[in-house]
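Here is what each chain is made of, one letter per residue.
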Amino acid sequence: MTDYKNSSLTLITSEIIPSAIRWRSPSNIALVKYWGKHGNQLPRNPSVSFTLSGAATDTTLEYKARMESGEGADVVLYLDGEKNDGFTKRTKLFLEKLFPIYPFLKQLSLTIKTSNSFPHSAGIASSASGMSALALCLVSLEETLFEPFTDRAEFLAKASYLARLGSGSACRSVYGGAAVWGALAALKGSSDEFAVSVTENLHPTFQDYHDDILLISKSEKSVSSRAGHGLMEGNPYATARYAQATRRTDEMLTVLRQGNVDRFGEILESEALTLHALMMSSHPPYVLIRPNTLAVIERIHLFREQTGHPLYFTLDAGPNLHLLYPHSIAEPVKHFIREQLLYFCEDKMYLADRVGKGPERLEVSDQR
Ligand code: DP6
């Protein structure tokens, strides 16, 4: 067990110089899905994801000494320049959860300014990019106020651990390329507590893979991921599912190393459909895909049959489709999307993304 609890991380408040830290962190798309959790945000099965490039959250954490001592965390969060009560509440709870690890958070007044690269109305609001950006800001804050980390891997493992406490899938976003979260016998260093990078074992084909996100519906989903994870506890297929996901994460790592795009796609699509089948077999059951999701899936299958191109889809816990494919077929796929798929998207919108290099720390004054 990793134990980051550290009661000695407290400050002499009169010595704090108000300042700010800024990180941009991307979203990620799970290839093998995390679905089901227990204890303090621990996964029921290992998962593996690609970190994206374009879809990201830019977060600035401003801090100063807290004037009045109070019970909880002193924080206010602005989303796209506007104070957001919902996110402020969620962030306050998250920071309070971190008090045993970072007791100094009680001694600070924090202002968090956050914005997403994707339009707010796109319906893909990402807790993965948001929570990983905030976790990275917090570990950088620890470095600024206390000792710098001697090892970048340790810095990232801690950021991943903190991100996980905010949102499970967020722990995979602190690494570029591909990341695994969850203990796997075959993967040295892997853990349920934080993600590890598997980018070094990524075949060149996957290093710049495309992920085009088709926005089938921009509405808020009717059942949150949090509630969905909870429903796995009573799901009659849960045990078989966790064993399957473990085997698939293992196999997916081999596939990613070898560059086998067809086996990649088979696992990818089965994972998407399994995830939604689990929702449909929960008690109570629920359905998040829409008729247009199925219409697009059928067309993707047809496209594959007719062209032989390795274009495959996946789904998150919602109706929007992620289309994954190698760069070598970008031209015919873009054409196919424009000609045949945009019709099924709300406002004919899609977001073109790629596998990315991971989070970056930005200058606070740098307005990118
Ligand atoms: C379907 O990470 O959003 O995207 O831990 O409750 O915040 P919480 O859940 P969250 O679940 C993501 C589920 C998923 C699959 C995945 O990303 O692995």
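What you see is a predicted model; the values in this text were computed from it and never measured. The residue numbers shown here count from 1 along each chain, following its written sequence. Under the rules for a predicted model, residues below a pLDDT of 70 receive no local features and side-chain atom pairs below 80 are neither given nor counted, while totals for whole chains, interfaces and linings still include all residues. Only hydrogens and water are removed before side-chain values are computed, so all heavy atoms of the structure are retained for them.

Chemist: Whenever I open this one, the overall build of the chain confuses me. Can you help?
Modeler: Looking only at helices and strands, the chain has nine helices and 14 strands in total. Taking 368 residues into account, the globule formula puts the C-alpha radius of gyration at 21 Å, and the chain, at 21 Å, falls close to it. For the chain, the C-alpha atoms occupy an extent of roughly 70 × 45 × 45 Å along the three principal directions. Whether two residues are in contact is decided by their heavy atoms: any pair within 4.5 Å suffices. In the chain, the share of contacts with a sequence separation of at least 24, taken over all contacts with a separation of at least 6, comes to 75%. Summed over all atoms, the accessible surface of the chain reaches about 16,500 Å², with 50% contributed by carbon and sulfur. Each charge class in the chain can be summarised by its mean position, and for the 38 positive and 41 negative side chains these summaries are 3 Å apart. Where helices and strands are cited, they refer to DSSP runs of H or I of at least four residues and of E of at least two residues respectively, numbered from the N terminus. In this description the radius of gyration comes from C-alpha coordinates, and the expected globular size is given by 2.2 Å times residues to the power 0.38. Per-residue and other accessible areas were derived by the Shrake-Rupley procedure at a 1.4 Å probe size, with only the shown protein chains allowed to occlude residues. The sign given to each residue is positive for Lys and Arg and negative for Asp and Glu; His and the chain ends receive no count. Charge positions are represented by NZ for Lys, CZ for Arg, CG for Asp and CD for Glu.

Chemist: Just checking my understanding: could you explain the packing of aromatic side chains for this structure?
Modeler: What characterises a pair of aromatic rings is the spacing of the ring centres plus the angle enclosed by the ring planes. Any two of the Phe, Tyr and Trp rings considered here, Trp counted by its six-membered ring, make a pair once their centres fall within 6.5 Å; the pair's planes then place it as stacked at under 30 degrees, edge-to-face at over 60, or tilted in between. The full count for this structure, using the stated rule, is 14 aromatic pairs. Seen from their ring centres, Phe206 and Phe264 are 4.8 Å apart, and the 40 degrees between their planes marks the pair as tilted. Taken together, the residues span a long stretch of sequence, with Phe206 in helix 4 (residues 204-207) and Phe264 in helix 7 (residues 261-280) at a distance of 58 residues. According to the relative accessible area criterion, Phe206 is buried, its value standing at 0%. Three labels apply to residues, based on accessible area from a 1.4 Å probe with only protein chains included: buried if under 20% of the type maximum, exposed if over 50%, partly exposed otherwise in between.

Chemist: Would you take a moment to explain helix 2 (residues 127-145) for this structure?
Modeler: The periodicity of an α-helix, 3.6 residues per turn, causes residues three or four positions apart to be oriented the same way. Given the number of residues in a helix, its expected span is that number minus one, multiplied by 1.5 Å. In a regular helix each residue adds 1.5 Å, so 19 residues correspond to 27 Å; helix 2 covers 27 Å between its end C-alpha atoms and thus fits that length. In terms of burial, helix 2 is a largely internal element, 14 of the 19 residues being buried.

Chemist: Help me understand the packing of helix 8 (residues 291-307) against helix 9 (residues 330-341) in this model?
Modeler: When two helices pack together, you describe them by how their axes are tilted relative to each other and by the distance separating the axes. Geometry is summarised by axes, namely lines fitted to C-alpha atoms with helices restricted to the contacting stretch, and by angles between N-to-C directions that run from 0 to 180 degrees. Contact geometry of helix 8 with helix 9 gives a least axis separation of 12 Å together with a crossing angle of 140 degrees. On the basis of their axis angle, the class for helix 8 and helix 9 is oblique. Regarding helix 8 and helix 9, the two cross each other, and that crossing is right-handed. Judged by residue contacts, Val296, Arg299, Ile300 and Phe303 of helix 8 engage Pro332, Val333, Phe336, Gln340 and Leu341 from helix 9. Residue classes follow a fixed rule: Ala, Val, Leu, Ile, Met, Phe, Trp, Tyr, Cys and Pro count as nonpolar, while Asp, Glu, Lys and Arg count as charged, and any other residue, Gly among them, counts as polar. Split into classes, the residues belonging to the contact of helix 8 with helix 9 amount to seven nonpolar, one polar and one charged. The scheme is simple: roughly parallel for angles under 35 degrees, roughly antiparallel for over 145, roughly perpendicular for 65 to 115, oblique for anything else. In this scheme the crossing of two helices becomes right-handed for a clockwise turn of the near helix relative to the far one and left-handed for an anticlockwise turn of less than a right angle.

Chemist: When you look at the environment of Val48 in this model, what are you seeing that I'm missing?
Modeler: Residue placement: Val48 occurs in strand 4 (residues 47-65). Relative accessible area serves as the criterion here: at 0%, Val48 is assigned to the buried category. The sequence separation of Val48 and Arg172 amounts to 124 residues, and the corresponding C-alpha distance is 8.0 Å. Aside from chain neighbours lying at most four places away, what touches Val48 is Ile29, Ala30, Leu31, Val32, Ala179, Val180, Thr249, Met252, Leu253 and Leu256.

Chemist: How do you make sense of the domain arrangement of the chain when you look at a structure like this?
Modeler: How big an interface is tends to be stated in terms of the accessible area lost upon association of its parts. Residue ranges labeled as domains rest on an automatic or database domain assignment. Taken domain by domain, the chain comprises domain 1 (13-202) and domain 2 (204-354). The C-alpha-based centres of domain 1 and domain 2 are spaced at 25 Å. Across the boundary between the two partners, domain 1 contributes 35 residues, which contact 45 residues of domain 2. Counting the surface domain 1 buries against domain 2, the share from its top three residues, Lys33, Trp35 and Leu202, is 26%. For salt bridges, the criterion is a side-chain nitrogen of Lys or Arg within 4 Å of an Asp or Glu carboxyl oxygen. Linking domain 1 with domain 2 are two salt bridges. Reported buried area values correspond to the accessible surface (1.4 Å probe) lost by two parts on association, with both partners' losses combined.

Chemist: Can you walk me through the sheet that holds strand 12 (residues 321-325) in this structure?
Modeler: Strand pairing in a sheet relies on backbone hydrogen bonds. The paired strands run either parallel or antiparallel. What makes two strands pair is DSSP finding at least two bridges between them. The strand order across the open sheet built from four strands is 11-12-10-13, with neighbouring strands paired in antiparallel fashion. A single partner strand is all that each edge strand has here, and the edge strands are strand 11 (312-315) and strand 13 (350-354). Geometrically, the sheet is characterised by an average inter-axis angle of 25 degrees between neighbouring strands, direction not taken into account. In terms of strand pairing, strand 10 (residues 210-214) meets strand 13 through five bridges, oriented antiparallel. Bridge pairing links Leu214 to Tyr350 in strand 13. Those strands touched by helix 7 are strand 11 and strand 12, and its axis lies near 30 degrees from that of strand 11. Most of the contacts of helix 8 go to strand 11, to which it runs at about 155 degrees, and overall it touches strand 10, strand 11 and strand 12.

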